[in-house]
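# Report on the structure
Listed here are the chains, written in short residue letters.
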Amino acid sequence: MRFTLYTLLFCHFIFAQTPYPKDYFRAPLDIPMQLSGNFGELRPNHFHAGFDLKTNQREGLNVYAVADGYISRIKISTFGNGKCIYITHPNGYTSVYGHLQTAVGTVQDYIQKTHYKEKAFEIEMFPKPDELPVTKGQLIALSGNTGSSEGPHLHFEIRDTKSEFVINPMFFGFDKNINDTKKPSVSGLYAYPMDNTAVNKSKQPVMLNLALQKDGTYLAGAVKANGKIGFGITAVDFDDVSGNRNGVFNVSTFLNGNQNYNYQFNTYSFDEMRFINAFIDYPKYKKSGQRVQKLFMKTPFALSIIKTDSMRGIIPVEPNLASMYRIEVSDYFGNMTTINVPIEYDTATPVVAEAPVTSQYFIKANRDANFEKDNMSVFFPAGTFYDDFNLNFDVKNNKIYVHDDVVPVHSNFTVTIKDDTYEEALRDKLFIGRNGSYNATSRKGDVFTAKSKTLGQFGLVLDTIAPKITITKPIQDKWISDVKKIQFTISDSGAGIKSYNGYLNGDWILFEYDNKTRKITHTFDDALVAEGANDLKIEVTDNVGNVKVFETHFFRSQQK
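Let me begin by describing the structure that accompanies this report. (Residues numbered from 1 in each chain as written. Predicted model: local features only at pLDDT ≥ 70, side-chain atom pairs only at ≥ 80, totals over all residues. Heavy atoms only, no water.)

### Some remarks on the environment of P32
Formally: Each helix corresponds to a stretch of at least 4 residues labelled H or I by DSSP, and each strand to a stretch of at least 2 residues labelled E; elements are numbered beginning at the N terminus. Throughout this description, buried means an accessible area under 20% of the type-specific maximum (1.4 Å probe, protein chains only), exposed means over 50%, and partly exposed covers the range between.
Considering the arrangement of structural elements, one finds P32 in the segment before β1 (35–37). The exposure class assigned to P32 is exposed, which follows from its relative accessible area of 66%. Taking C-alpha positions, P32 is 22 Å from V236, a pair spaced 204 residues apart along the chain.

The structure is reproduced here in structure tokens:
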């Protein structure tokens, strides 16, 4: 992995601002804009790429094209943005609409034809410019709760069409639809000792007290240290209407009046998303769920929103020199919270020691590393990790123990297990599981290989059990002429479901899958249903080839 360090040349950072069009786009909904998530908000393994717009806690609201253009991409997925539409506009930007319930009109017809052409629910389409043109304000879809959505809302993005960088929608004039007079809230300030330094007699991170001053700023308790230190904050932002805890827009830090660290959520690429795990205190997040945003880089990483000085935000605390450190946390509207931190040199004996190191192995982040024991091994290519660290590694009880998930992983590493104890007929039913959960596994003879981006415990798992299929309301030998939809629950306790298919009288039919409820649903189309007797078959296959088949027989008359 190639790292880039952005170095200060002047006392102040300058973010180049593109003159984005302010009145080109309309709102995608026709209700007042309220955010349940903003651009840059901290999410698991990624920064949020756009706005999450509230839809009054329900589905089915009209979703409109924000400007003229053409639908250039449609993706239907069981995860991520679920049902998602992309519109390319002639001004060089693309708008994105996610978690949709359904498209409408000719767009939905186009999608439906592709489902049946490809005989799949999960599909991706790239219409040509003349196939699905749209005009500003045209109804294109209904809002929903599909994919990885945790509740009804519309996910909305704006991207640079050429680079595919996501851009903060606030820059395009959507700020005028949002009222925000509230300052960001900083609920925690932490000091981090580095390189055998002690902070306030501790060689482990310490939380600092904050006192509100008469001028509205905060004063932190004095920091006493004797070497290199860094800081981190937990911060969120609130607007005047929604009540949601959103992300902050800009954080700047100053040492004795000179700016030494800054990040601003303006625009970034999808290739940068996973750097969030280096951006935050990942071990603390995994242990407590709290996301502390670090205000320093121990090892440089290529996240373009960060601008820093040659020390990467790290502060050297030296003898006979007192310093003042300032943190400014602001939202897009300029509301700002300021924290002043006095720093003094101190050589007091630490009373809190460093966390003990129990590992016999050490990882250099910029070098390949391979560890083997018995019939198992793990290989880490250079750049797998952000920082050097002490690795716990062992093989016992037919499992390979590769540290645990308190160290962030940037790119895939490889786990290999050789096992000749299973007969050939069962080997295709084996997979490498991380803590028992499925990892895509390849096999060559008795050697099994899997890739992962999460540390943990790995071992071979045998799965010979077929998935389960349960009909929500039995229809065997019944007349169901007034039934509009039929639904099943599908699940698998081992390797997980790879595919499912439904057949009506021998022909493939569309079942939509909801990963949150594990239900598949077919909406009856009279053109596909026979008058009188009908045979329905559901076939579900898991990731190691176990198959379950459910068959039923029903009667239906055409509705008039």
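### A look at the side chain of H48
Threshold: Here a residue-residue contact requires only that any non-hydrogen atoms of the pair lie within 4.5 Å.
Within the secondary structure layout, H48 lies in the loop between β3 (46–47) and β4 (51–54). Judged by relative accessible area, H48 falls into the buried class, the value being 3%. The contacts of H48, once residues within four sequence positions are left out, are G37, N38, F39, G40, E41, R43, H155 and Y268.

### Points about the nonpolar core
Which entries qualify depends on this criterion: By nonpolar core we mean a set of buried residues, namely Ala, Val, Leu, Ile, Met, Phe, Trp, Tyr and Cys, connected to one another through side-chain atoms within 4.5 Å.
Formed by 60 residues in total, the largest nonpolar core has its most connected members in I85, Y97, I140, F172, F488, F511 and L536. Formed by 49 residues, the second largest nonpolar core is a distinct cluster that contains F39, F279, Y282 and I305.

### Brief notes about the pattern of salt bridges
Rule in force here: The working definition used for a salt bridge is a side-chain nitrogen of Lys or Arg within 4 Å of a carboxyl oxygen of Asp or Glu.
Under the defined criterion, the tally for this structure stands at 14 salt bridges. Here R43 makes a salt bridge to E41, at a shortest N to O gap of 3.0 Å. E41 carries the same exposure label as R43, and that label is buried. For R73, the salt bridge is made with E124, and the minimal N-O distance between the two is 2.6 Å. Here E124 lies in strand β10 (residues 123–125) and R73 lies in strand β6 (residues 69–76), a separation of 51 residues in the sequence. A single network of salt bridges, built from pairs that share partners, joins E424, R427, D428 and R443.

### What to know about the packing of aromatic side chains
How two aromatic rings sit relative to each other is set out by the distance from centre to centre and by the angle between their planes. Where we set the bar: Pairs were defined over the aromatic rings of Phe, Tyr and Trp, the Trp ring being its six-membered one, requiring ring centres within 6.5 Å. Orientation was assigned from the angle between planes: stacked under 30 degrees, edge-to-face over 60, tilted for the rest.
Taken as a whole, this structure holds 41 aromatic pairs when the rule is applied. Where Y20 meets F171, the ring centres are 5.3 Å apart and the plane angle is 15°; that geometry is what we call stacked. Of the two residues, Y20 sits in the segment before β1 while F171 sits in the loop between β14 (166–167) and β15 (185–193), which places them 151 residues apart along the sequence. Residue classification places Y20 among the buried positions, given a relative accessible area of 12%.

### Structural notes on the environment of V199
Mapped onto the secondary structure, V199 falls in the loop between β15 and β16 (206–207). In sequence terms V199 and A348 are 149 residues apart; their C-alpha atoms lie 9.5 Å from each other. Beyond its immediate stretch of four places on either side in the chain, V199 contacts A191, Y192, P193, V206, V223, K224, A225 and I229.

### Re the pairing of strand β30 (residues 369–373)
A regular strand places its side chains so that they alternate between the two faces of the sheet. Let me state the cut-off plainly: A pair of strands is labelled paired if DSSP reports no fewer than 2 bridges between them.
Pairing between β30 and strand β31 (residues 376–380): five bridges, direction antiparallel. Looking across to β31, one finds that E372 is bridged to S377. Here β30 hands over to β31 after two residues, with D374 in that stretch at a positive phi of 55°.

### Points about the side chain of T94
Put simply, the rule is: Think of a polar contact as two N or O atoms within 3.5 Å of one another; within protein, one of them needs to be a possible hydrogen donor and the other a possible acceptor, and neighboring residues in sequence only count if both atoms come from side chains.
Structurally, the position occupied by T94 is in strand β8 (residues 93–98). A relative accessible area of 7% means that T94 is categorised as buried. A polar atom in the side chain of T94 sits 2.8 Å from the side chain of T161. Non-local contacts of T94, meaning those with residues more than four positions away in its chain, are made with Y86, I87, T88, H89, E157, I158, R159 and T161.

### Comments concerning unusual backbone geometry
Of note in the backbone geometry, R312 takes a positive phi value of approximately 60° without being a glycine. Along the chain, the position of R312 falls in the loop between β25 (306–308) and β26 (315–316). Of note, D477 is a non-glycine position whose phi angle comes to about 60°, a positive value. Within the element layout of this structure, D477 appears in the loop between β41 (468–471) and β42 (478–479).

None of this, on its own, says anything about what the molecule does.
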